Amino acid sequence: MAGEWIHCAVADACSSIDYGLTASAAESEVGPKFLRITDIVTGHIDWNTVPHVSADDATVAKYRLHDGDVVLARTGASTGASAYVKNPPPAVFASYLVRLQAKPEFDARYLAYYLQSDDFRTYIRGVLGDKSAQPNASASTMTKAPFRAPKDKNEQRAIAHILGTLDDKIELNRKQNETLEAMARALFKAWFVDFEPVRAKMEGRWQRGQSLPGLPAHLYDLFPDRLVESELGEIPEGWKVVRAGQIYDVGIGKTPPRKESEWFSEDPEDVPWMSIKDLGRAGLFISEVSEYLTPAAVERFRIRRIPDGTVVLSFKLTVGRVAITDGEMLSNEAIAHFLPRAGNHICPAYLYCYLRQFDYESLGSTSSIATAVNSDSVRSIPILAPGEPIGKVFESLVANSFTQIRAIQRESHTLAQLRDTLLPKLISGELRVKDAEAFLKERGL
């Protein structure tokens, strides 16, 4: 059996192929989680962001997701995107997803990785053809895709384990970064949204030489002891509200003409060019993009390069995605970047946290068909500017967390590159796992 391969269709490897539940997500956190296409496009499932759905017991039983299920998108720009379901909470899946359950002779996670291979993606592109308006494919069509797997299920499991170990580490890194960022944003909220140190002084909950949770006593002297009215409501006395355009040179990116294909590249040696989609996939820092521009394009269209460590913000279609650049890059015209003007003492970490919690609806929308604000609106964003000493203390307290987040994201990028290099080699048989049974036993599998 060792060395033998099974060649069949994806459907032949499945014991069940099912369409999902047609329903709308619930506004309240009642009922099971409701997995949708938008919840799987990043390559992992963050159950914390998945909404709930109202459903009776019979419906939940019919559409419930189980450990080892594979879900596949069947419509929209993400047609063919897939995800492996691992230890889910009580959850069902939406109608634009297809659930695949593997037959006993096939490893479900191996099947999931096969659906991420170039072979499957090439098949899906061929099926979709020129359906540019609203791509879609039926479950039966997608699962007619050719499938190959080692006949020895232990080898399938070994391949899935090798790739899965990398993905599990990436997911662990993501959760660690989520925690680090949450800590920084919690401190920001306490100081610059809720004004807890100021209120503690005002309400007599603090006296000199004492401390409150999260703040050493000596730092309280930096905070005012009263609030005053401003256009943002009450703010600490002495702090200012300024327009983004007053303290930042707010730049907007460009998109060269698509018909001139020589301007675009997939070569990492060219200049990274970020889109809203890239921002949606990024963590706190953005370095990975799907397209690059040639130096000739940058020169020809005078596209401003965005320096490393610059805060960027999406303000068209999807408003409010924020990140900090990890390396020099460019952007399209839907993304603004904030270059500090002389005398601006606000650190990138502060601006990132501020823009993450800002209410963009307060700017209004300039489009009747999509959510959007214009560049003038971005420049008019009111920014709360605290006293310089307080800003510097905040920067020093969160600097280590932001440094760790950047390093962890870079590690995850390296792991993802390794996974993407190994996947086609393992799936094709170019690389083999010798004595798969012994390999699994050594790892307690």
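In the block above lies the structure referred to throughout.
Residues numbered from 1 in each chain as written. Predicted model: local features only at pLDDT ≥ 70, side-chain atom pairs only at ≥ 80, totals over all residues. Heavy atoms only, no water.

Q: Looking at this model, I keep getting lost on the overall build of the protein. Mind explaining?
A: When helices and strands are counted, the protein shows 13 helices and 21 strands. Overall size of the protein, expressed as C-alpha extent along the three principal axes, is 75 × 55 × 45 Å. Split into buried and exposed, the 445 residues of the protein put 48% on the buried side. When contacts within the protein are restricted to residue pairs at least 6 apart in sequence, long-range pairs at least 24 apart make up 73% of them. When the 52 positive and 58 negative side-chain charges of the protein are each reduced to one mean point, those points stand 1 Å apart. (Helix = DSSP H or I, 4+ residues; strand = E, 2+ residues; numbered from the N terminus. Buried < 20%, exposed > 50% of the residue type's maximum accessible area, 1.4 Å probe, protein only. Contact = heavy atoms within 4.5 Å. Lys, Arg positive; Asp, Glu negative; His and termini not counted. Charge placed at Lys NZ, Arg CZ, Asp CG, Glu CD.)

Q: Is there a simple way to explain the sheet that holds strand E18 (residues 322–325) in this structure?
A: Taken together, five strands build an open sheet; the order of strands is E12-E20-E17-E18-E15 and the sheet is mixed. In this open sheet, the two edge strands, each paired with only one partner strand, are strand E12 (248–252) and strand E15 (285–286). As judged from the five bridges shared by E12 and strand E20 (residues 335–340), these two strands associate in the antiparallel manner. Bridge assignment links Tyr248 to a residue of E20, and that residue is Pro340. Contacts from helix H10 (residues 348–357) reach E12, strand E17 (311–314), E18 and E20, with the element oriented near 160° to E18. (Pairing = 2+ DSSP bridges. Axes fitted to C-alpha atoms, helices over the stretch in contact; angles between N-to-C directions.)

Q: I tried to follow the nonpolar core on my own but got confused; where do I start?
A: Nonpolar side chains in soluble globular proteins generally cluster together in the buried interior. Grouped together as the largest cluster of nonpolar side chains are 53 residues, with contacts concentrated most on Phe338, Ile381, Phe394 and Phe402. When residues no more than four places from it in sequence are discounted, the contact partners of Ile381 are Val242, Arg243, Ala244, Leu313, Leu355, Phe358, Tyr360 and Leu363. In terms of nonpolar packing, the next biggest core, distinct from the first, is built from 40 residues, Val70, Leu115, Ala149 and Leu166 among them. (Core = buried A, V, L, I, M, F, W, Y, C linked by side-chain atoms within 4.5 Å.)

Q: What is the right way to read the pattern of salt bridges from this model?
A: Two side chains bearing opposite charge may form a pair once their charged atoms approach each other closely. Tallied over the entire structure, the rule returns 27 salt bridges. With its nearest N and O atoms 3.1 Å apart, the salt bridge here joins Arg109 to Asp168. Here Asp168 lies in helix H5 (residues 153–192) and Arg109 lies in helix H2 (residues 108–114), a separation of 59 residues in the sequence. Take Asp168: its relative accessible area is 30%, and that puts it in the partly exposed class. For Asp118, the salt bridge goes to Arg121, with nearest N and O atoms at 4.0 Å. Taken together, the residues span about one helical turn, with Asp118 and Arg121 both in helix H3 (residues 118–128) at a distance of three residues. In this structure, a network of salt bridges that share partners links the residues Asp46, Glu171, Arg174 and Glu178. (Salt bridge = Lys/Arg side-chain N within 4 Å of Asp/Glu carboxyl O.)

Q: Whenever I open this one, H5 confuses me. Can you help?
A: Counted at 1.5 Å a residue, the expected span for H5 with its 40 residues is 58 Å, and the 56 Å between its end C-alpha atoms agrees. The largest bend in H5 comes to about 25°, at Gly164. Where H5 starts, the residue carrying a side-chain oxygen 2.9 Å from the main-chain nitrogen of Asn154 turns out to be Asp152. (Expected span 1.5 Å × (residues − 1). Bend = angle between axes of the 7 residues up to and from the residue. Polar contact = N/O pair within 3.5 Å; in protein donor to acceptor, adjacent residues only side chain to side chain.)

Q: Explanation requested: the sheet that holds strand E13 (residues 264–265) in the structure shown.
A: Strands in a sheet are paired, the pairing made by backbone hydrogen bonds, and the direction either parallel or antiparallel. With mixed pairing, the four strands of this open sheet are ordered in space as E13-E16-E14-E19. Single-partner strands in this sheet number two, and they are E13 and strand E19 (330–331). Here strand E14 (residues 271–274) runs beside E19; their pairing, made up of two bridges, is parallel. Considered in E19, the bridge of Trp273 is made with Leu330.

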